[in-house]
Protein chains: 2
Amino acid sequence: MTGAAIRVSEIFGPTIQGEGVLIGQPTVFVRTGGCDYRCSWCDTLHAVDSEYREEWLPMSVDDVWSEVKLLSGGVPLTVSLSGGNPAIQPLGPLIDRGHSEGYRFALETQGSVARDWFASLDVLVLSPKPPSSGMETDVARLDDCLSIAAGGPMTVLKIVVFDDRDYAYAKDIARRYPAWPVYLQPGNHTPPPPEDDSATVDIDGIMNRMLWLVDKVTGDKWFDARVLPQLHVLLWGNRRGV
Amino acid sequence: MTGAAIRVSEIFGPTIQGEGVLIGQPTVFVRTGGCDYRCSWCDTLHAVDSEYREEWLPMSVDDVWSEVKLLSGGVPLTVSLSGGNPAIQPLGPLIDRGHSEGYRFALETQGSVARDWFASLDVLVLSPKPPSSGMETDVARLDDCLSIAAGGPMTVLKIVVFDDRDYAYAKDIARRYPAWPVYLQPGNHTPPPPEDDSATVDIDGIMNRMLWLVDKVTGDKWFDARVLPQLHVLLWGNRRGV
């Protein structure tokens, strides 16, 4: 036995990372099931809504690792741990296992739960949720996440922006944490319903929000921010498994 | 006097960098005029074709720098030196001037001309041209560029890929230079004619090439490569000045 079971919603790839600091990088995704948040615009409800809980298989580290190895053909690459909120799963032993075989691990979480094993990651993406999500950010928890990560993984902030209030929130976060790179991402207002991953995405609407966000950032001379859309949504819409 | 005149095709921004390692980063572009190559699919012929030579104003370092300062509101950011081939212009003094005020400089060149001042750059993007361009790569020159950059700028390779031959070329380059990160970019087969920057772009075609390229890279388990489309083309088509 190498640790407690991990609740897994899906494992897929290799495909390219569609977002943020690792955009364009071949990646296998381990999406865990379950979340302590319920964002109004969640685009992975099939990994969040407890109605889908029976689909989240409890898997051993061995079983998760076998699947990652199979998908990657045994060639080391970056594994993205996402969710839901992967921070509520016992992922430390999986990371250790993968590291022993030369794989790298990136974790994406809202920063509401801090774990000691964050220090073992290669990349930590903290994605606190802006007002449009309907969620409240507990900055003390975010501080905890950043403290644990100090001296460990490359750590970045990624903030989804739908509107002016979200943008102001992103600026506040950036001011609070000036040492960390900030990635801004236009929100997808047409997230897939969990039962239909072929639902239509409003690409034009997302791209218009992207243009608006570029204008905001350059107009404000916020030259340290990076602005990137979700490339996988542009390529594959709301489809799963890519 | 701070150096010889620079032949400038256009200076614009800030907008986001659309390609490669700095994708999404607010940037002012200084596009120089003139090129020692003439790629079949060149997407900046207005800075390459000598028919447009009279539009390439010879500017002093002071004048270029005043324009960059004006556009950026005096707030330091990354300046992208592109072309044409900016390596054939005397850009060393401009870089020194900008550095003294906290600006950063990225240069994009095919690597056919090596300059000592490459060592002063913050980012060097070497973009050797694949067979579909109709150009021949002089790898000795590429070696020279990389030697000069050693210990200086962050250096990456970016290769445009249109087809299987280009892909094989990209793999050869990556094998020759294993220490440098490789960015692959699907080519735009609908580049703008120089006299018409509103010409239609075949976004679907570019995205299909992107999907093909993602499949090639993941199928080959080339997990160190990054695959990124030209984001500015997706956002603005062939329009100039954005």
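Above this text is the structure in question.
The paragraphs below set out a description of the structure included in this document. (Residues numbered from 1 in each chain as written. Chains lettered and ligands numbered in written order. Predicted model: local features only at pLDDT ≥ 70, side-chain atom pairs only at ≥ 80, totals over all residues. Heavy atoms only, no water.)

**Considerations on the overall build of chain A**
Basically, it comes down to this: Working definition: helices are DSSP H or I runs of at least four residues, strands are E runs of at least two. Numbering for both runs from the N terminus. A 1.4 Å probe rolled over the protein chains alone gives each residue an accessible area, and that area as a share of the maximum for its type sets the label: buried under 20%, exposed over 50%, partly exposed in between. Between two residues, a contact is recorded if the distance between any of their heavy atoms is within 4.5 Å. Note that accessible areas follow from Shrake-Rupley with a 1.4 Å probe, and for residues the cover is restricted to the protein chains shown.
Check the secondary structure of chain A and you find 6 helices and 9 strands. For chain A, buried positions account for 57% of its 242 residues. Considering only intrachain contacts with a sequence separation of at least 6, the fraction spanning at least 24 residues in chain A is 72%. As displayed, chain A has an accessible area near 9,400 Å², and 48% of this comes from carbon and sulfur atoms.

**Quick notes on the sheet that holds strand E4 (residues 78-82) of chain B**
To keep it simple, the criterion reads: Two strands pair under a simple rule: DSSP has to find at least two bridges between them. Interaxial angle, 0 to 180 degrees, is taken between N-to-C directions of lines fitted to C-alpha atoms, where a helix line uses only the stretch in contact.
Read from one edge to the other, the open sheet built from 9 strands follows the order E3-E1-E2-E4-E5-E6-E7-E8-E9 (chain B), with strand pairing classed as mixed. The sheet is open, and its two borders are formed by strand E3 (57-59) and strand E9 (226-227) of chain B, each paired with just one other strand. The strands touched by helix H5 (residues 203-219) of chain A within the sheet are strand E1 (6-16) and strand E2 (26-32) of chain B, with E1 of chain B carrying the most contacts at an inclination of about 110°. Contacting strand E7 (154-161), strand E8 (182-186) and E9 of chain B, helix H5 (residues 203-219) of chain B runs over the sheet at an angle of about 140° to E8 of chain B.

**Points about the interface of chain B and chain A**
Here is the rule: By definition, the buried area sums, over both parts, the 1.4 Å-probe accessible area that each loses when the two are put together. When a carboxyl oxygen of Asp or Glu lies within 4 Å of a side-chain nitrogen of Lys or Arg, that pair is called a salt bridge. Two N or O atoms count as a polar contact when they lie within 3.5 Å, although within protein this holds only if one can serve as hydrogen donor and the other as acceptor, and sequence-adjacent residues are included solely when both atoms are side-chain atoms. When residue character is reported, Ala, Val, Leu, Ile, Met, Phe, Trp, Tyr, Cys and Pro are called nonpolar, Asp, Glu, Lys and Arg charged, and the others, Gly included, polar.
Counting residues at the interface gives 34 residues for chain B and 34 residues for chain A. Interface area, chain B with chain A, both sides summed: about 2,700 Å², of which 73% is carbon and sulfur. At the boundary of chain B with chain A, the tally comes to 0 salt bridges. Where chain B meets chain A, there are 8 residue pairs in polar contact (both at pLDDT 80 or more). Contributing elements (two or more residues each) for the side of chain B that touches chain A: E1, H5, E9 and helix H6 (231-236) of chain B. Looking at which element gives the most residues to the side of chain B that touches chain A, the answer is H5 of chain B, with 6 residues. Its residues assigned to classes, the side of chain B that touches chain A shows 24 nonpolar, 6 polar and 4 charged.

**Observations regarding the packing of helix H1 (residues 61-72) of chain A against helix H2 (residues 92-99) of chain A**
Residues and elements named next belong to chain A. Let me state the cut-off plainly: Reported orientations rely on four angle classes, namely roughly parallel under 35 degrees, roughly antiparallel over 145, roughly perpendicular from 65 to 115, and oblique for the rest. In this scheme the crossing of two helices becomes right-handed for a clockwise turn of the near helix relative to the far one and left-handed for an anticlockwise turn of less than a right angle.
Two elements in contact, H1 and H2, have axes whose closest approach is 10 Å; the angle formed by their N-to-C orientations is 45°. When the axis of H1 is compared with that of H2, the two are oblique. Viewed along their axes, H1 and H2 form a crossing whose handedness is right-handed. Residue-level contacts link Val61, Asp62, Val64 and Trp65 of H1 to Pro93, Leu94, Arg97 and Gly98 of H2. A per-class count over the contact of H1 with H2 returns 5 nonpolar, 1 polar and 2 charged.

**Remarks on the nonpolar core**
Applied cut-off: Throughout, nonpolar core names a set of buried Ala, Val, Leu, Ile, Met, Phe, Trp, Tyr and Cys residues whose side chains join them through atoms within 4.5 Å.
Leu81 and Leu184 of chain A together with Leu81 and Leu184 of chain B are the most contacted members of the largest nonpolar core, which has 129 residues in total. For Leu184 of chain A, the contacting residues outside a window of four places in its chain are Ile159, Val161, Tyr167, Ala170, Leu213, Val217, Trp222, Ala225, Arg226, Val227 and Leu228 of chain A.

**Some words on a negative patch on the surface**
Residues and elements named next belong to chain A. Worth spelling out the cut-off: A residue counts toward a patch only above 30% relative accessible area and without a salt bridge, and it is joined to like-charged neighbours within 9 Å or, for Val, Leu, Ile, Met, Phe, Trp and Tyr, to nonpolar neighbours within 5 Å. His residues and chain termini do not enter the charge count, which takes Lys and Arg as positive and Asp and Glu as negative. For charged residues, the charge sits on one atom: NZ in Lys, CZ in Arg, CG in Asp, CD in Glu.
A cluster of like negative charges, contributed by Glu51, Glu54, Glu55 and Glu195, occupies part of the molecular surface. Mapped onto the secondary structure, Glu55 falls in the loop between strand E2 (26-32) and strand E3 (57-59). When its relative accessible area of 44% is taken as the criterion, Glu55 is described as partly exposed.

**So, the environment of Ser40 of chain A**
Residue and element names in this part refer to chain A. Relative to the elements of secondary structure, Ser40 occurs in the loop between E2 and E3. Sequence separation of Ser40 and Pro191 is 151 residues, and the distance between their C-alpha atoms is 10.0 Å. When near neighbours in sequence (up to four residues on either side) are disregarded, Ser40 contacts Ser132 and Ser133. A polar contact of 2.7 Å, which involves the side chain of Ser40, links it to the backbone oxygen of Ser132.

**Focus on the pattern of salt bridges**
The tally for this structure, following the rule as stated, stands at 22 salt bridges over all chains. Note that Lys69 of chain A and Glu101 of chain A form a salt bridge whose closest N and O atoms lie 2.5 Å from each other. Of this pair, Lys69 of chain A sits in helix H1 while Glu101 of chain A sits in the loop between H2 and strand E5 (104-109); the two residues are 32 residues apart in sequence, bridging distant segments of the chain. Its salt-bridge partner being Arg175 of chain B, residue Asp172 of chain B comes within 2.8 Å of it at the nearest N-O pair. A residue pair is termed a helical-turn pair when its members lie 3 or 4 positions apart in one helix, as Asp172 of chain B and Arg175 of chain B do in helix H4 (residues 164-176) at 3 residues. Note on Asp172 of chain B: relative accessible area 44%, which makes it partly exposed. Residue Arg175 of chain B is classed as exposed on the basis of its relative accessible area of 56%. Members of the salt-bridge network, linked through shared partners, are Asp62, Lys69, Arg97 and Glu101 of chain A.

**With respect to the sheet that holds strand E8 (residues 182-186) of chain A**
All names here are of chain A. Spatially, E3-E1-E2-E4-E5-E6-E7-E8-E9 is the arrangement adopted by the 9 strands of the open sheet, whose pairing is mixed. What marks the edges here is a single partner per strand, and that holds for E3 and strand E9 (226-227). Bridge count between strand E6 (residues 123-126) and strand E7 (residues 154-161): 4 bridges; the pairing is parallel. Bridge assignment links Val123 to a residue of E7, and that residue is Met154. Each of strand E1 (6-16), strand E4 (78-82) and E5 touches H2; the most contacted strand, E5, lies at about 155° to it.

**A closer look at the pairing of strand E5 (residues 104-109) of chain B**
Residues and elements named next belong to chain B. What counts, and what does not: Throughout, right-handed denotes a crossover for which the path from the first strand over the helix to the second runs clockwise when the strands point away from the viewer.
Alignment of E4 against E5, held across 4 bridges, turns out to be parallel. Bridge assignment links Thr78 to a residue of E5, and that residue is Arg104. For the segment spanning E4, helix H2 (residues 92-99) and E5, crossover handedness is right-handed.

**Some remarks on the relation of the copies chain B and chain A**
Worth spelling out the cut-off: Here the copies are matched by least squares. The fit uses the C-alpha atoms of residues with pLDDT of at least 70 in both.
Of the transformation superimposing chain B on chain A, the axial component is 0.0 Å and the angular component is 180°, with the fit at an RMSD of 0.0 Å. On the angle and the small slide along the axis, the relation comes out as a two-fold axis. Residue by residue, 100% of the interface of chain B is reproduced at the interface of chain A, so both copies engage with the same surface.

**Some details on H2 of chain A**
Residues spaced three or four apart along an α-helix point in a common direction, a consequence of the helix completing one turn every 3.6 residues. How we decide: The arc under discussion is defined with respect to the helix axis, by the directions toward the C-beta atoms.
Those residues of H2 of chain A not exposed but buried are Gly92, Leu94, Ile95 and Gly98 of chain A. Down the axis of H2 of chain A, the sector holding all buried residues measures 165°, keeping them to one side.

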